[in-house]
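# Topology and contacts: notes
Each chain is listed here by its residues.
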Amino acid sequence: MKKFPKNFLWGASSSAYQFEGAINEGGKVPSIMDKFDERKSYPKGITGFKVASDHYNHWKEDVALMAEMGFKSYRFSISWPRIIKNIKGDINPEGIKFYRDLIDELIKYNIEPIVTIFHFDTPSFIEEIGGLDSSEFSNIFELYSKVLFENYGSKVNYWLTINELNMFAFVGQIIGVISEKSKSTKWQIMHNLNVAQAKAIRLCKKMLPNAKIGPAPNISSVYANSNKPQDHLAKLNFDQMRNWIFLDIVCRGEYGTWFKNFLKLINEEIIITNEEKEILKNSKPDFIAFNYYSTMTVEYASSKDSKNSLNNLGDQQSGFIIPGIGKTVKNKNLEATQFGWEIDSIGFRNTLREVYDRYQLPIMITENGIGARDVLTDDKKIHDDYRIEYYQKHIRAMSEAIADGVEMIGYMPWSAIDLVSTHEGISKRYGFVYVNRDEFDEKDMRRIRKDSFFWYKDLIEKNGENI
Ligand code: BGP
């Protein structure tokens with residue numbers, strides 16, 4: 001095993017719409033996420049994002065808890081609809097102040113702020129130009145990025161462009177990031193997002209030459225379900241579709257031949273202008289951030305195999321069938337969480353290795369973690385030994401990847417403090433800190449340190465040497 005670098009960024013993550021609540025406070029305008037209850041695909045019987053963990057009103061206390069754990073970094077997103085009021089780009093000073101105070105508070109504790117520009121919460125005013133479907137989207141996104149760079153550029157050294165751009169394409173409907181009214185194909189939307197990302201990178205380099213910026217997709221190794229050659233081919237295809245096309249476009253500046261052939265196979269076309277090609281070619285990131293939860297296992301699916309289900313209603317790893325290419329299957333060698341996500345710590349090492357071998361850029365982990373139904377005991381404790389075990393295995397795997405030669409900057413698992421899941425409510429908890437509320441009973445929102453809180457604090461203190 002190899003030691004973690006001296007300035008390794010230990011910390012954790014969150015996203016604005018899942019954590020802040022206060023959807024109508026502080027001059028914030030609506031986002032696509034605020035309208036979760038109008039969405040057909042949003043499950044009934046679970047809470048939405050109106051109140052979430054009320055971080056908007058608990059941010060000082062929340063940062064103090066992060067500092068107590070010894071965080072070196074905190075990855076959070078800025079809520080676009082809290083910063084920009086309308087399609088003209090008018091700025092909301094209260095929103096600017098909220099994140100300025102948050103960033104200052106983090107810096108006060110020597111916690112490096114790692115800012116995601118856009119994490120799923122598209123402002124509703126974007127609908128006025130046709131939403132993510134519009135080729136105008138990237139310009140509006142660039143203007144918003146400019147406001148962030150102007151206001152926080154002197155204090156933020158690490159920027160992340162768009163959270164899980166690849167998951168917009170695959171599970172966009174279930175997470176709710178792609179409007180149910182959307183007319184474009186998901187691949188056109190994906191392209192619009194890639195252009196928006198490239199414009200933000202280009203602008204960051206121009207305005208903040210000392211800052212670093214990277215993408216933050218959800219990446220995972222793909223396994224073939226058997227050693228049949230056609231299953232291996234399915235693996236290669238899913239690798240491309242799920243992972244590499246999204247990293248190739250940002251790191252290498254163009255879509256590979258595989259992707260062009262794939263679009264023909266599924267009878268889809270995307271419009272790419274020459275100007276966009278130029279921008280994509282000249283906007284390379286400084287590092288790769290990615291989110292890792294599990295791996296994917298696939299086998300070949302013949303062209304007669306059921307109908308195309310790229311419109312997945314499963315999750316990041318399951319529920320896909322593409323006739324002539326392959327389909328996802330359960331991996332019998334892996335155990336799963338209470339929510340059915342397979343747990344694969346060796347897969348984490350494998351994924352780190354693959355990404356580093358392919359792009360040779362430093363890596364930051366911006367999500368990893370276990371969603372569980374934590375139980376608050378009578379003496380007000382949470383004995384989340386399963387979470388500790390999950391982290392132990394994954395952090396050990398990461399140290400082994402470092403020994404393999406992977407260059408790592410930091411580890412920010414999901415999530416710092418409990419927050420609301422994308423579509424499974426507050427009962428699917430991820431935090432080191434428990435938030436005392438249920439799906440519909442908001443109780444007192446008290447923050448309670450879980451067992452994993454003390455474990456992680458100790459690990460950070462020892463810079464991971466006790467793993
Ligand atoms: C990632 C998202 C997060 C987050 C996490 C856990 O895909 O970037 O926003 O919520 O997954 O997923 P879920 O909330 O569905 O359990």
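Details of the structure are given in the entry above.
Residues numbered from 1 in each chain as written. Predicted model: local features only at pLDDT ≥ 70, side-chain atom pairs only at ≥ 80, totals over all residues. Heavy atoms only, no water.

### Focus on the sheet that holds strand S5 (residues 212-216)
One open sheet accounts for eight strands, arranged S5-S4-S3-S2-S1-S12-S11-S7; its pairing is parallel. Looking along the sheet, the strands with just one partner apiece sit at the ends: S5 and strand S7 (288-291). Neighbour to neighbour, the strand axes of the sheet diverge by 25° on average, direction disregarded. Here four bridges tie strand S3 (residues 112-118) to strand S4 (residues 158-163), and the two strands are oriented parallel to one another. (Pairing = 2+ DSSP bridges. Helix = DSSP H or I, 4+ residues; strand = E, 2+ residues; numbered from the N terminus. Axes fitted to C-alpha atoms, helices over the stretch in contact; angles between N-to-C directions.)

### Digging into the pairing of strand S10 (residues 326-329)
Burial of S10 is one-sided: the residues Gly326 and Thr328 facing one way are buried, the residues Lys327 and Val329 facing the other way are not. In this structure, strand S8 (residues 296-299) lies alongside S10, joined through three bridges in antiparallel fashion. In the sheet register, Thr297 faces S10, and the bridge partner there is Val329. Pairing geometry for strand S9 (residues 321-322) and S10, over two bridges, is antiparallel. Looking across to S10, one finds that Ile322 is bridged to Gly326. (Buried < 20%, exposed > 50% of the residue type's maximum accessible area, 1.4 Å probe, protein only.)

### A look at the site of the ligand
Near the ligand there are 16 residues, and of these Gln18, Glu164, Thr422, Lys428 and Tyr430 occur at the shortest range. A distance of 2.9 Å separates an oxygen atom of the ligand from a polar atom in the side chain of His119. Here Lys428 contributes a side-chain N or O atom positioned 2.6 Å from an oxygen atom of the ligand. Within the shell around the ligand, the residues separate by chemical class into five nonpolar, eight polar and three charged. (Near = heavy atom within 4 Å. Polar contact = N/O pair within 3.5 Å; in protein donor to acceptor, adjacent residues only side chain to side chain. Nonpolar A, V, L, I, M, F, W, Y, C, P; charged D, E, K, R; others polar.)

### A word on helix H13 (residues 451-461)
Inspection of H13 places Ser452, Phe453, Trp455, Tyr456, Leu459 and Ile460 among the buried residues, and these make up the whole buried set. Within H13, the buried residues cover an arc of 165° as seen down the axis, which keeps them to one side. Where H13 is buried, its residues contact strand S1 (9-13), helix H2 (55-69), helix H12 (385-404), strand S12 (408-411), strand S13 (433-435) and strand S14 (447-449). Asn463 occupies a position one or two residues after H13 and carries a positive phi of about 50°. (Arc of directions from axis to C-beta. Contact = heavy atoms within 4.5 Å.)

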